[in-house]
Amino acid sequence: MDNFRLLIEQHMDVVFFTYGLAFFALGLAILVQPKEESRYEISQLAGWLASFGLVHGTLEWLSLWKIIHGDSAVLSLLNIVFLLVSYVFLFEFGRRLTRSILDKIPSIPNLVKRMLGAPIYGVVALAFLFELLTVPDRMLAMTIATRYFLGCIGSFLTGIGFLLSINKKSSMYIEKSVFSWSTKYFVLATAAFFFYGVLSCFVAYPANIVSGSVFNDQWFLEKFHFPVQMFRAASAVLAAIAIGNILRLFHMEVREKLLSSLKSAKEAEAKLRISAHAFDVQEGILITDTNNVIVRVNRAFTHITGYTTEDVMDKNPRILSSGRQNTSFYAAMWESINTNGAWKGEVWNQKKNGEYYLEDLTVSAVKDTHANVTHYVGILTDITMNRAAADKIEHQAFYDTLTDLPNRLMLRDRLTPALALSQRNNHNGALLFIDLDNFKTLNDTLGHDIGDLLLQQVAERLVACVREGDTVARLGGDEFVIMLEDLSEHANEAIVQIEVIGNKVLGVFSQSFKLTTHNYHCTPSIGITLFKGQNLTIDELLKQADIAMYQAKASGRNAMCFFDPQMQTNITNRVALEKDLKLALAENQFMLYYQPQVLHSQKIIGAEALIRWHHPQRGLVPPVDFIPLAEETGLILPIGQWVLETACAQIKSWEDNEHTRHLQIAVNVSARQFHQTDFVEQVSHILSHNDINPANLKLELTESLVLGDINNTILKMRKLREIGIRFSMDDFGTGYSSLSSLKKLPINQLKIDQSFIRDITSDHDDAIIVQTIIAMATSLGMEVIAEGVETEEQRAFLELLGCPAIQGYLFGRPMPIEQFEALLKKG
Ligand SMILES: Nc1nc2c(ncn2[C@@H]2O[C@H](COP(=O)(O)O[C@H]3[C@@H](O)[C@H](n4cnc5c(=O)[nH]c(N)nc54)O[C@@H]3COP(=O)(O)O)[C@@H](O)[C@H]2O)c(=O)[nH]1
């Protein structure tokens with residue numbers, strides 16, 4: 001121990017150097033550490049401590065090297081100034097640190113806090129005054145006062161400041177992660193400055209009651225055997241170590257800030273990347289400021305509009321305006337943006353190259369956190385093509401592709417408001433249903449392409465007949481409809497107006513149509529119905545016009561006909577009849593009646609089978625009421641087959657009896673039935689199925705049937721003749737059969753129509769016609785029969801003229817088989 005003391009005493013210069021070095025290093029360390037913008041309050045105050053360290057450290061070195069010493073008054077004063085300045089820095093640091101921490105601790109009385117302001121300097125000043133007054137040596141008084149009232153108290157305050165810094169409520173509050181290791185350095189700093197403060201009191205000279213004889217370095221040496229400077233140097237080193245480590249807090253803070261700013265930078269970069277990506281979408285984006293000046297556009301915008309970013313930057317979006325929207329459009333748009341924050345709609349704009357385009361546009365106002373609009377963002381898509389495609393689809397849905405006229409759907413679409421309007425304004429409207437006569441024949445003979453050409457030309461001519469507001473529609477096939485609106489409120493006047501149009505239509509058909517190389521004459525049948533918002537559906541109206549059109553056709557074609565309610569009744573009846581007729585076969589409501597065919601001797605040679613319909617409600621329905629409908633609807637085919645089968649079954653039944661074996665049955669065959677491609681097969685099948693003598697079956701054909709397609713008819717008749725079937729030409733004399741065509745036909749019998757028989761005895765012409773027919777049949781080797789013979793005079797006349805066979809009420813009406821067979825038995 002003594003050796004160590006000796007060593008210290010011999011090397012006091014090293015002690016002083018270490019002492020100065022410790023404080024200088026402390027000051028330097030604080031200076032070079034980054035403190036700016038630190039969240040620790042101590043960082044703002046550390047400059048005072050650094051100043052203390054640097055000045056006090058320098059002072060120790062200057063003293064050590066005897067650059068300033070007490071030998072000269074000036075140097076002595078300089079020494080005191082250095083000392084005073086350094087301790088003022090320490091005192092100020094300690095005062096500020098302690099005060100700032102205490103200020104943040106509410107439980108500390110304000111008086112204490114305030115004491116650390118100006119009052120403490122007042123106390124120090126009084127202390128200095130006391131020293132100066134009580135110590136005659138002014139230099140000594142200043143030295144003592146400086147050491148005691150600035151150095152010592154400044155050290156204590158600094159120690160207290162570091163101690164308080166550990167308090168969580170202080171501004172030095174340290175995070176948990178660094179608390180454990182930093183706390184000990186705060187404690188060390190506290191201890192070092194307390195220790196240093198106490199030791200400062202011993203570096204004094206006995207002078208007055210403050211620096212008594214106890215507090216001097218001699219007393220300290222005697223008491224502790226080591227010079228007080230060694231302990232001061234040690235406390236300076238400890239303070240430097242503690243502060244140096246506390247400074248790591250700043251270092252860590254800087255690093256943390258660096259890391260955090262790096263993280264923020266990365267996040268910002270990511271955000272930028274995301275927003276750049278979001279901006280680089282297919283929709284055009286245009287951003288304007290609140291003055292509606294374009295501040296940014298994206299790539300899609302330039303692609304859509306053709307404008308480059310430079311072209312539009314700082315310009316008003318009106319640069320895109322096409323002029324197709326009026327000012328009220330834009331006013332409404334801004335009204336919506338200002339009240340709802342957004343607007344969405346379609347706008348026609350103009351590209352850089354002048355091309356107009358339709359854009360789907362959404363404009364939204366961008367607001368800051370205070371709800372103030374900062375920008376407007378427009379998101380736009382060029383939908384010109386979509387609109388064109390949608391228009392095309394709509395056009396295809398509502399317009400006829402061949403003629404480009406409105407189709408049925410569109411007509412219905414326009415009819416609905418037209419009906420409502422006619423009701424509101426009490427004006428008549430009309431539908432003209434136009435059907436081309438014989439269009440099917442044209443199609444069948446010249447082909448569909450030619451048919452299409454005709455339809456296109458008809459469409460053009462019909463459109464030329466009406467005003468621009470009227471509708472010409474094609475329903476399909478050769479059916480057209482003209483809808484006329486806003487006609488006179490008086491039906492008579494409206495009819496006149498319609499007739500003008502109707503005649504125009506008939507007129508435009510008077511000129512032939514040029515269909516490639518063909519000059520084709522076509523006529524229309526026009527059915528017309530009026531409407532004035534009456535309680536009719538569109539379908540009912542169209543039906544009325546359709547019915548009237550059929551009436552026009554029935555009246556001889558190339559005509560127009562107004563709908564009449566009676567037509568409707570007829571149609572309704574017809575529809576009901578057709579419905580019943582469909583059930584008749586299945587419900588076994590048909591019967592065959594037989595009308596005798598006789599010789600003048602009254603010998604029955606056969607019968608004509610005539611169908612009868614026993615309807616449960618309608619009663620007995622005569623063939624004239626349902627055969628034409630059956631022919632029209634095609635029901636004649638199963639009905640005709642049933643007749644043939646029933647008649648053949650009857651022949652079979654008669655063939656089984658020797659008294660009736662010779663009887664023939666004549667069956668009426670309709671044109672539609674005969675023209676079936678497999679008619680021959682059907683008949684031969686029925687014959688073989690019933691196993692009858694074909695010669696007993698006579699098929700009655702009309703002149704019109706035979707002449708319609710004479711070559712095909714002859715072919716079929718020959719095949720049937722080959723089987724053995726016989727033919728009778730029904731209603732002979734009413735048609736236009738020429739002798740030459742008659743010769744070609746394999747006919748067995750001519751049946752003179754009853755219209756010639758009716759007045760045969762009184763009408764010379766009829767008598768001559770009948771005579772001629774009989775002569776013709778005889779010369780062609782055919783049999784002849786007269787029908788409709790009702791009187792004995794007629795019979796006698798026919799006998800006179802040489803007609804061998806007769807049929808008529810005179811010998812019997814058509815009758816059920818039971819009656820007919822009873823008649824047969826009577827002989
Ligand atoms: N395709 C088919 N047509 C048929 C069938 N059954 C009948 N018909 C055709 O219906 C028309 C009307 O027939 P209907 O009412 O039976 O009249 C026939 C006779 O009753 C009538 N007739 C006979 N004699 C007299 C008479 O002295 N006076 C008089 N006023 N009428 C008389 O003539 C009708 C027979 O005519 P037609 O066939 O020309 O010989 C009629 O056109 C039938 O053809 C059927 O099954 N299939």
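Residues numbered from 1 in each chain as written. Predicted model: local features only at pLDDT ≥ 70, side-chain atom pairs only at ≥ 80, totals over all residues. Heavy atoms only, no water.

Per an unreviewed UniProt entry, the protein chain goes by the name cyclic-guanylate-specific phosphodiesterase and belongs to Methylobacter tundripaludum. UniProt annotates the protein chain under Catalytic activity (unreviewed entry) with the comment "3',3'-c-di-GMP + H2O = 5'-phosphoguanylyl(3'->5')guanosine + H(+)". Taken from UniProt, the Cofactor (unreviewed entry) comment for the protein chain reads in full: "Mg(2+)". (UniProt positions renumbered as here; feature names shortened; annotations may be inferred.)

**Here's the deal with the overall build of the protein chain**
Of regular secondary structure, the protein chain possesses 31 helices and 21 strands. For the protein chain, with 827 residues in total, the buried portion stands at 46%. Considering only intrachain contacts with a sequence separation of at least 6, the fraction spanning at least 24 residues in the protein chain is 65%. (Helix = DSSP H or I, 4+ residues; strand = E, 2+ residues; numbered from the N terminus. Buried < 20%, exposed > 50% of the residue type's maximum accessible area, 1.4 Å probe, protein only. Contact = heavy atoms within 4.5 Å.)

**Regarding unusual backbone geometry**
In this model, N426 sits at a positive phi of 65°, which is unusual for a non-glycine residue. Summarising the element assignment, N426 is placed in the loop between α15 (408-425) and β6 (429-436). Unusually for a residue other than glycine, D691 sits at a positive phi of about 50°. For D691, the position within the fold is in the loop between α24 (679-690) and β17 (697-702). When its relative accessible area of 55% is taken as the criterion, D691 is described as exposed.

**Side note on the site of the ligand**
The environment of the ligand is formed by 22 residues, the closest being Q595, E608, D731, E787 and E790. Note that an oxygen atom of the ligand is positioned 2.9 Å from one of the side-chain N or O atoms of D731. Here Q754 contributes a side-chain N or O atom positioned 3.0 Å from an oxygen atom of the ligand. Relative to its unbound accessible area of 810 Å², the ligand is 82% covered by the protein chains. Along the lines of polarity and charge, the residues of the shell around the ligand split into eight nonpolar, six polar and eight charged. (Near = heavy atom within 4 Å. Polar contact = N/O pair within 3.5 Å; in protein donor to acceptor, adjacent residues only side chain to side chain. Areas by Shrake-Rupley, 256 points an atom, 1.4 Å probe, with all protein chains shown as cover. Nonpolar A, V, L, I, M, F, W, Y, C, P; charged D, E, K, R; others polar.)

**Some points on the sheet that holds strand β7 (residues 471-476)**
Reading across from one edge, β7-β8-β6-β11-β12 is the order of the five strands in this open sheet, with mixed pairing throughout. One side of each edge strand has no neighbouring strand; the edge strands of this open sheet are β7 and β12 (559-562). Strand-to-strand, the axes of this sheet are offset by a mean angle of 20°, without reference to chain direction. Summarising the sheet, β7 and strand β8 (residues 479-484) pair through five bridges and their orientation is antiparallel. (Pairing = 2+ DSSP bridges. Axes fitted to C-alpha atoms, helices over the stretch in contact; angles between N-to-C directions.)

**Things to note about the packing of α24 against helix α26 (residues 710-723)**
Packing of α24 against α26 leaves a shortest axis separation of 10 Å and a crossing angle of 15°. On the basis of their axis angle, the class for α24 and α26 is roughly parallel. As for the relative orientation of α24 and α26, their crossing is right-handed in sense. Together, F679, V680, V683, S684 and L687 of α24 and K716, K719, L720 and I723 of α26 make up the contact between the two elements. A per-class count over the contact of α24 with α26 returns six nonpolar, one polar and two charged. (Parallel < 35°, antiparallel > 145°, perpendicular 65-115°, else oblique. Left-handed = near helix turned anticlockwise from the far one by under 90°.)

**Quick look at the side chain of S670**
Its location among the elements puts S670 in the loop between β16 (664-668) and α23 (671-674). Once residues within four sequence positions are removed from consideration, S670 is found in contact with E631, I636 and L705.

**A look at the nonpolar core**
Among the nonpolar cores identified, the biggest contains 76 residues, and L697, L699 and L750 are the most heavily contacted of them. The element best represented in this core is helix α22 (residues 636-655), accounting for nine residues. Here L697 is in contact with L644, C648, I651, I665, V667, V683, L687, I725 and R726, once residues within four sequence places are set aside. With 63 residues, the next largest nonpolar core counts V15, L164, I166 and Y185 among its residues. (Core = buried A, V, L, I, M, F, W, Y, C linked by side-chain atoms within 4.5 Å.)

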